[in-house]
Amino acid sequence: MTENVDKPVGPGGSPIVYQETLRPTWPMWLMVPLGAALGWLTLAPLSTGWGIASGIVVAAVVVFVLLASQSDITVTTTHLQVGRATIERKYVGTVTGFRADDAFEQRGPKLHGLAYLHLRSWIKPVARIQIEDERDRTPYWLTSTAQPEKLVDALGGTMYVPEQSSEADDEDIPQWLIDAERAQLEAEQAEERREQQQ
C-alpha cells in the first residue's frame with residue numbers, strides 16, 4: 001500500500017501544504033432576501049404572481065453570484081494556485097501579509113497596474129506574492145486571505161510590520177522588470193523618432 005493515499009494532492013500532483021477557500025461571509029448572504037424583496041417590489045404592482053416569480057428569480061441570481069465568487073488558494077510543495085492562476089513555487093519571491101490600513105493601501109494607492117488581483121471585498125487582509133519569472137511581466141499577485149499569517153508562513157514569507165519597513169520596501173518591483181519596461185519604452189521612443197524623421 002502507498003502511504004500518501006489519504007493525503008490531498010494539489011496542482012502539479014504534489015501534496016497540499018496549505019489550502020483556504022474564500023467564501024462570502026454571512027452579511028453577504030443578506031443580499032439574497034434583499035434581492036428577493038426588491039424583485040417582488042418591482043413587479044408586485046402588476047400582479048402578485050409576477051412579483052413572487054420576480055423575487056424568486058432575483059434571489060436565485062444572487063445565490064448563483066455568491067456561490068460563483070468562492071475560490072481557493074492552494075499551496076503545495078511545488079506549486080501555488082490562487083483562483084484560476086497557477087505558478088511553480090520556484091518563481092515565487094518575497095511574500096508579505098498585510099492587515100488593516102496596510103492592506104487597504106496595498107489594494108489602492110500602492111497597487112501596481114500590472115499586478116494580478118484576486119480580491120474579495122468582504123475579506124480585508126491581503127497577501128502580496130512577488131513573482132520572479134522573467135517571462136511574466138506581472139510584478140506580484142495580490143490576494144485576499146482570511147488567514148494571512150498561515151498563508152505567508154506556508155510560502156516562507158513574513159507579515160508586514162510598519163516600524164521595521166522603509167520607503168525602499170514600498171516598491172518591491174523586481175529590477176529586471178523595471179529594466180525591461182525601460183528598454184521597451186526606449187525602443188518605442190526610438191521608433192517614434194525614426195518615423196518623425198521620415
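Sequence order sets the numbering: in each chain, residues are counted from 1 along the sequence as written. With pLDDT at 70 or above as the cut-off, local features in this predicted model cover only qualifying residues; side-chain atom pairs require 80 or more to be listed or tallied, and sums for whole chains, interfaces and linings still use all residues. Excluding hydrogens and water, the side-chain figures rest on all heavy atoms present in the structure.

**Some thoughts on the overall build of the protein chain**
In this text, helices come from DSSP runs of H or I with a minimum length of four residues, and strands from runs of E with a minimum of two, each type numbered from the N-terminal end. When you go through the protein chain residue by residue, the secondary structure sums to 7 helices and 9 strands. Note on method: radius of gyration uses C-alpha positions; expected globular size equals 2.2 Å times residues raised to 0.38. The C-alpha radius of gyration of the protein chain comes to 23 Å, more than 25% above the 16 Å expected for a compact globule of 198 residues. Oriented by its inertia axes, the alpha-carbon framework of the protein chain measures out at about 70 × 70 × 40 Å. A simple rule labels every residue: compare its accessible area, found with a 1.4 Å probe on the protein chains alone, to the largest value its type can have, and call it buried under 20%, exposed over 50%, or partly exposed in between. Out of the 198 residues in the protein chain, the part that is buried amounts to 34%. Surface accessibility follows the Shrake-Rupley procedure with a 1.4 Å probe radius. Residue values consider only the protein chains on display as shielding. Carbon and sulfur atoms make up 56% of the accessible area of the protein chain, which totals about 12,400 Å². Taking the average location of the 17 positive side-chain charges in the protein chain and that of its 27 negative ones, the two points are 6 Å from each other. The convention is simple: Lys and Arg are positive, Asp and Glu are negative, and His and the chain ends are not counted. By convention, the charge on Lys lies at NZ, on Arg at CZ, on Asp at CG and on Glu at CD.

**Some details on the pairing of strand 5 (residues 92-98)**
Consecutive side chains along a regular strand alternate between the two faces of the sheet. Of all the 7 residues making up strand 5, 5 are buried; the element is thus mostly covered by neighbouring parts of the structure. In this sheet, strand 9 (residues 158-159) lies alongside strand 5 in parallel orientation, the contact comprising 2 bridges. Across the sheet, residue Gly-97 finds its bridge partner in strand 9, namely Met-159. For two strands to count as paired, DSSP must find a minimum of two bridges between them.

**Thoughts on the sheet that holds strand 2 (residues 71-76)**
Within the open sheet, the 4 strands sit side by side as 1-2-3-4. Their pairing is antiparallel. Two strands close off the open sheet at either side, each with one partner strand: strand 1 (16-22) and strand 4 (85-88). Between one strand axis and the next, the sheet turns by 10° as a mean value, whatever way the strands run. Bridge count between strand 3 (residues 79-82) and strand 4: 4 bridges; the pairing is antiparallel. Its bridge partner being in strand 4, His-79 is matched across the sheet by Glu-88. Angular values range over 0 to 180 degrees, each being the angle between N-to-C directions of two axes fitted as lines to C-alpha atoms, with helices fitted over their stretch in contact.

**Topic: the pattern of salt bridges**
Here, a salt bridge means any Lys or Arg side-chain nitrogen found within 4 Å of an Asp or Glu carboxyl oxygen. Across all of its chains, the model carries 6 salt bridges by this definition. Taking the shortest distance from any N to any O, the salt bridge between Arg-99 and Glu-149 comes out at 2.9 Å. Highlighted residues: Arg-99 in the loop between strand 5 and helix 4 (100-107) and Glu-149 in helix 5 (residues 148-154), separated in sequence by 50 residues. What makes Arg-99 partly exposed here is its relative accessible area of 36%.

**Concerning the side chain of Ser-144**
Here Ser-144 shows up in strand 8 (residues 140-144). Residue classification places Ser-144 among the buried residues on the basis of a relative accessible area of 0%. Among the polar contacts made by the side chain of Ser-144, one reaches the side chain of Arg-107 at a distance of 3.2 Å. Under the rule applied, a polar contact is a pair of N or O atoms within 3.5 Å (in protein, one hydrogen donor and one hydrogen acceptor; residues adjacent in sequence only if both atoms are side-chain atoms). A polar atom in the side chain of Ser-144 sits 2.8 Å from the backbone nitrogen of Arg-120. In this description, contact between two residues means that some pair of their heavy atoms is separated by no more than 4.5 Å. Those residues in contact with Ser-144 that sit more than four places away from it in its chain are Leu-22, Ile-73, Arg-107, His-118, Leu-119, Arg-120, Ile-123, Pro-125 and Val-126.

**Section: the confidence of the model for the protein chain**
As a per-residue measure, pLDDT tells how confident the predictor is, with possible values from 0 to 100. This prediction gives the protein chain a mean pLDDT of 85; 90% of its residues lie at or above 70. Between the elements of the protein chain, mean pLDDT differs from a low of 48, seen in helix 6 (residues 167-170), to a high of 93, seen in helix 3 (residues 48-68).

**Focus on the packing of helix 2 (residues 31-43) against helix 3**
One can describe the packing of helix 2 onto helix 3 by two numbers: an axis separation of 7 Å at closest approach and a directional angle of 150°. Judged by the angle between their axes, helix 2 and helix 3 are roughly antiparallel. The element helix 2 and its partner helix 3 pack so that their crossing is right-handed. Here Met-31, Val-32, Gly-35, Ala-36, Gly-39, Trp-40 and Leu-43 of helix 2 come into contact with helix 3, specifically with Thr-48, Trp-50, Gly-51, Ile-52, Ser-54, Gly-55, Val-58, Ala-59, Val-62, Val-63 and Leu-66. Broken down by class, the residue content of the contact of helix 2 with helix 3 amounts to 12 nonpolar, 6 polar and no charged. Angular relationships are summarised with four words: roughly parallel below 35 degrees, roughly antiparallel beyond 145, roughly perpendicular across 65 to 115, and oblique for the angles in between. By convention, the crossing between two helices is left-handed when the near helix turns anticlockwise from the far helix through less than a right angle, and right-handed when the turn is clockwise. Under the scheme applied here, ten amino acids are nonpolar (Ala, Val, Leu, Ile, Met, Phe, Trp, Tyr, Cys and Pro), four are charged (Asp, Glu, Lys and Arg), and all others, including Gly, are polar.

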